[in-house]
Amino acid sequence: MSLLVVGLSHRSAPVSVLERAALSADAQVKLVQDTVAAEPATEAAVLATCNRIELYADVDKFHAGVAELSTLLAQHSGVGLDELTPYLYVHYEDRAVHHLFSVACGLDSMVVGEGQILGQIKDALARAQELHTAGRLLNDLFQQALRVGKRAHTETGIDRAGQSLVTFGLEQLASGGAVEKWARGMKALVIGAGSMSSLAAATLARAGVGEVVVANRTFDRAERLAQILNEADDTDVVARAVPMESVRAELTRADIAVSCTGATGLVLNAEDVAGAVEGRTGRPAQVGEAAGERRTTPTTDVGRTPLPPTSVGADENCPLDLTAPGFSVMGEAAVAGMDAATLEQHAAWAAGSAVERREATRRAPEVDPELITALAATVATVGRIPERRRPEPVAEVPRPEPVLFLLDLAMPRDIDAAVHRLAGVRLVDIESLAEASADAPMAADVDQVRRIVSDEVAAFGAALRAAHITPTVVALRTMAADVVASEIARLDGRLPGLDDRQRGEIRQAVHRVVDKLLHAPTVRVKQLAAEPGGAGYADALRTLFDLDPETVASVSRAEDSTEKNRGSR
């Protein structure tokens with residue numbers, strides 16, 4: 001096995017990088033095709049979701065494979081290789097199998113345990129099969145990953161934590177409250193008609209919204225989704241479809257909007273959302289601090305907190321007030337009673353000073369007694385070393401209650417991030433979901449799922465290593481059958497008087513002898529090959545019996561061809 005995966009996800013890269021690296025459907029096809037056309041890879045598949053981009057390949061050289069796959073990812077994503085490389089992760093052989101199985105079980109998802117990833121893995125395999133880039137290895141790998149994922153959801157309770165990204169996002173919009181209570185009677189706009197948008201529409205319908213409006217670039221798909229919602233037995237929702245041109249008008253009527261399209265640009269910009277808020281309230285939307293921001297000290301410029309008073313001259317920009325009694329230049333005697341923020345500022349200032357400057361500003365030893373005397377006098381007077389008082393917190397300006405709730409599940413984003421700063425709007429996007437999920441509790445069943453993954457990885461590796469020696473065993477038995485046939489033919493020439501029954505008895509006897517001689521070694525070599533480090537047994541068998549390498553290779557090619565034909569059906 002030479003399985004290699006190179007990728008990036010919400011765990012390795014900031015959302016801003018994931019957003020820029022997102023691959024369109026056409027780019028995914030081209031990436032897979034270019035990967036198998038490259039020298040190190042013989043099979044390839046791409047797993048691309050809203051929070052991961054991974055390229056799987058069967059390679060014959062590790063280092064060359066990593067270099068080639070990384071370069072191809074950079075080329076097709078449009079992000080420079082130098083910029084992309086720090087965020088890439090690489091898994092090889094058993095580690096690559098472990099990674100995909102963990103992904104399939106939802107262990108690597110933004111929302112632990114979510115089950116949508118199984119459908120995305122299935123789509124990735126179907127795409128590779130359609131393009132004939134999935135051979136024996138990737139077919140077996142992805143199909144087994146689907147089985148492992150289903151086993152994890154069947155045998156454990158990870159589904160209890162396995163919300164969909166849609167449900168998790170709606171809970172964030174509802175400020176952690178019950179979605180059913182929060183959403184009941186609201187009007188919802190769903191932009192897009194793919195799998196994620198369809199799930200969002202169904203979830204909102206079951207939550208009790210009064211209306212769902214579906215907008216999509218292909219109007220027929222929007223109509224089909226609306227019809228499904230209207231015909232559902234478990235909801236009373238009213239659904240209708242509109243063209244994409246009506247989105248801005250519908251946004252003015254909506255209470256909730258969920259967007260998940262494959263667009264490469266913004267679907268809703270800040271001006272669109274501000275216009276919708278004004279249309280709902282009759283007042284222009286105000287721009288303020290982003291939701292969740294807190295200020296504890298006054299500021300002069302946006303995003304900048306003023307430093308405490310500084311001294312002048314050689315100690316310019318030092319955040320300590322050097323005029324206070326007992327304060328030394330580098331702050332050795334100045335730490336008592338200071339707030340943490342000032343200490344951090346001083347540490348940064350001191351660390352950034354050059355050694356020469358630090359030496360130049362250090363007081364001479366003869367001055368220390370004066371400082372000690374001054375400190376002692378201060379303590380005697382006030383009872384302690386002077387403290388710097390923490391600035392009084394500034395009262396937070398309350399944001400108005402949201403009149404419009406937006407959920408952006410697209411990658412790259414559909415809704416302008418500047419919307420976060422609009423008063424009266426609550427926006428939850430992939431970036432804020434990533435931050436929220438970092439604090440989410442892990443499911444109690446995660447450890448059990450991890451054990452399942454470990455067991456399945458070991459079993460898959462053993463089966464793959466055993467399969468690797470099969471062509472050699474087949475070639476050995478083929479060679480033995482040819483030897484038997486040759487010897488029987490020569491016996492017929494030497495003993496022409498034998499009748500058919502006698503020839504049959506001799507032929508069966510010779511075959512039984514050969515089969516019995518080969519049975520134990522071939523069974524044992526398959527067992528040994530299945531163990532870690534067992535790849536060398538195939539080489540030993542070929543050497544001991546002087547097997548023709550081309551014969552072994554032809555068996556492998558025949559098996560791979562059969563596997564590709566089976567997978568493409």
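Structure: above.
Residues numbered from 1 in each chain as written. Predicted model: local features only at pLDDT ≥ 70, side-chain atom pairs only at ≥ 80, totals over all residues. Heavy atoms only, no water.

Enquirer: Lay out the overall build of the protein in plain terms, naming residues and giving numbers.
Expert: Summing up its helical and strand segments, the protein has 21 helices and 10 strands in all. Counting only residues that meet the buried cut, the protein has 44% of its 569 residues in that class. A separation threshold of at least 6 residues defines the contact pool for the protein, and within that pool the share at least 24 residues apart is 71%. If you sum the accessible surface of the protein, you get close to 28800 Å²; carbon and sulfur atoms cover 53% of it. (Helix = DSSP H or I, 4+ residues; strand = E, 2+ residues; numbered from the N terminus. Buried < 20%, exposed > 50% of the residue type's maximum accessible area, 1.4 Å probe, protein only. Contact = heavy atoms within 4.5 Å. Areas by Shrake-Rupley, 256 points an atom, 1.4 Å probe, with all protein chains shown as cover.)

Enquirer: Before we move on, could you go through the nonpolar core and cite the residues and values that matter?
Expert: Judged by nonpolar contacts, the single largest core of 69 residues is most densely connected at Trp182, Val212 and Ile256. Not counting residues up to four positions away in its chain, the partners in contact with Val212 are Ala188, Val190, Ala201, Leu229, Val237, Val238, Ala239 and Arg240. Counting residues in each nonpolar core, the second largest holds 37 residues, with Leu3, Leu100, Leu118 and Leu464 among its members. (Core = buried A, V, L, I, M, F, W, Y, C linked by side-chain atoms within 4.5 Å.)

Enquirer: So what's going on with helix H8 (residues 165-173)? Residues and values would help.
Expert: Among all positions of H8, only Leu165, Val166, Phe168, Gly169, Leu170 and Leu173 are buried. At the exit of H8 stands Ser175, carrying a positive phi of roughly 55°.

Enquirer: Can you break down the environment of Pro284 residue by residue, with the values?
Expert: Secondary-structure assignment places Pro284 in the loop between helix H13 (270-281) and helix H14 (340-352). With a relative accessible area of 52%, Pro284 lands in the exposed category. As for Pro284 and Ala423, which are separated by 139 residues in sequence, their C-alpha atoms are 9.7 Å apart.

Enquirer: Describe helix H7 (residues 136-155), with residues and values.
Expert: With 20 residues, H7 ought to run about 28 Å at 1.5 Å a step, and its terminal C-alpha atoms sit 28 Å apart, in line with that. When H7 is considered as a whole, its buried residues turn out to be Leu137, Leu138, Asn139, Leu141, Phe142, Gln144, Ala145, Leu146, Val148, Gly149, Ala152 and His153. (Expected span 1.5 Å × (residues − 1).)

Enquirer: Now, about the sheet that holds strand E3 (residues 52-59): what can you tell me, with residues and values included?
Expert: The strand order across the open sheet formed by four strands is E2-E3-E1-E4, and the pairing between neighbours is antiparallel. Looking along the sheet, the strands with just one partner apiece sit at the ends: strand E2 (41-49) and strand E4 (89-92). Strand-to-strand twist of the sheet, defined as the mean angle between neighbouring strand axes without regard to direction, takes the value 15°. Here seven bridges tie strand E1 (residues 3-9) to E3, and the two strands are oriented antiparallel to one another. Bridging across to E3, Leu3 finds its partner in Asp58. (Pairing = 2+ DSSP bridges. Axes fitted to C-alpha atoms, helices over the stretch in contact; angles between N-to-C directions.)

Enquirer: Talk me through the sheet that holds strand E10 (residues 425-428); I want residue IDs and the actual numbers.
Expert: Strands sit in the order E7-E6-E5-E8-E9-E10 across an open sheet of six strands; the sheet is parallel. Because the sheet does not close on itself, it has two edges, and the strands there are strand E7 (238-243) and E10. Shown here is a sheet whose adjacent strand axes are inclined to one another by a mean of 15°, direction ignored. Relative to E7, strand E6 (residues 211-216) runs parallel, the two sharing six bridges. The residue of E7 that forms the bridge with Val214 is Ala241. Relative to strand E9 (residues 404-408), H8 is tilted by about 150°, and along the sheet it contacts strand E8 (256-259), E9 and E10. Against the sheet, helix H11 (residues 219-231) touches E6 and E7, its axis set at about 175° to E7.

Enquirer: Which residues make up the side chain of Ser70, and what are the values?
Expert: Its place among the elements puts Ser70 in helix H3 (residues 62-77). In this structure the side chain of Ser70 is engaged in a polar contact, spanning 2.7 Å, whose partner is the backbone oxygen of Val66. The contact partners of Ser70, leaving out residues within four places of it in the chain, are Val6, Leu81 and Leu88. (Polar contact = N/O pair within 3.5 Å; in protein donor to acceptor, adjacent residues only side chain to side chain.)

Enquirer: Go over the packing of helix H5 (residues 94-104) against helix H6 (residues 116-130), please, and point to the residues and values.
Expert: Interaxial distance between H5 and H6 falls to 8 Å at its minimum, and their mutual angle equals 130°. Viewed along their axes, H5 and H6 adopt a mutual orientation that is oblique. Across from Leu100, Val103 and Ala104 in H5, the residues of H6 making contact are Ile117, Leu118 and Ile121. Residue classes in the contact of H5 with H6 are distributed as six nonpolar, no polar and no charged. (Parallel < 35°, antiparallel > 145°, perpendicular 65-115°, else oblique. Nonpolar A, V, L, I, M, F, W, Y, C, P; charged D, E, K, R; others polar.)

Enquirer: Help me get a handle on the packing of aromatic side chains, residues and values and all.
Expert: The full count for this structure, using the stated rule, is four aromatic pairs. Ring centres of Phe101 and Phe460 lie 5.9 Å apart, and the angle between their planes is 75°; this geometry places the pair in the edge-to-face category. Taken together, the residues Phe101 in helix H5 and Phe460 in helix H18 (residues 446-494) connect sequence positions 359 residues apart. No difference in accessibility class separates Phe101 from Phe460, as the two residues are buried. With a centroid separation of 5.1 Å and 85° between ring planes, the pair formed by Trp182 and Phe405 is classed as edge-to-face. Note that Trp182 is positioned in helix H9 (residues 179-183) and Phe405 in strand E9, a separation of 223 residues in sequence. For the pair Trp182 and Phe405, a shared accessibility class is recorded, and that class is buried. (Phe/Tyr/Trp six-rings, centres within 6.5 Å; stacked < 30°, edge-to-face > 60°.)

Enquirer: Tell me what's going on with the pattern of salt bridges, and back it up with residues and numbers.
Expert: Scanning the model with the defined rule gives 21 salt bridges in all. Glu211 serves as the salt-bridge partner of Arg240, at 2.9 Å between the closest nitrogen and oxygen. With Arg240 in strand E7 and Glu211 in strand E6, this residue pair connects regions lying 29 residues apart in the sequence. As a salt-bridge pair, Asp429 and Arg413 come within 3.1 Å of each other at their nearest N and O atoms. Within this pair, whereas Asp429 is found in the loop between E10 and helix H17 (430-437), its partner Arg413 is found in the loop between E9 and E10, the two being separated by 16 residues in sequence. Each member of the pair, Asp429 as well as Arg413, carries the same accessibility label: buried. Here the salt bridges share partners, and the residues they tie into one network are Arg11, Arg52, Glu54 and Asp108. (Salt bridge = Lys/Arg side-chain N within 4 Å of Asp/Glu carboxyl O.)

Enquirer: Explain the pairing of E3 to me, using residue names and the numbers behind them.
Expert: Judged by how many residues are buried, E3 sits mostly within the fold: eight of eight residues are covered. Residues of E3 alternate between two faces, with Arg52, Glu54, Tyr56 and Asp58 on one and Ile53, Leu55, Ala57 and Val59 on the opposite face, all of them buried. The pairing of E2 with E3 spans eight bridges and is antiparallel. Looking at E3, one finds that Ala44 is bridged to Ala57. Here E2 folds back onto E3, and the loop between the two strands holds two residues.

Enquirer: Could you give an account of the pairing of E1, naming the residues involved and the relevant values?
Expert: Buried residues dominate E1, accounting for seven of its seven residues. Alternating residues of E1 divide into Leu3, Val5, Gly7 and Ser9 and Leu4, Val6 and Leu8, and every residue in both groups is buried. Here E1 pairs with E4 via four bridges, running antiparallel. The residue of E4 that forms the bridge with Gly7 is Tyr89.

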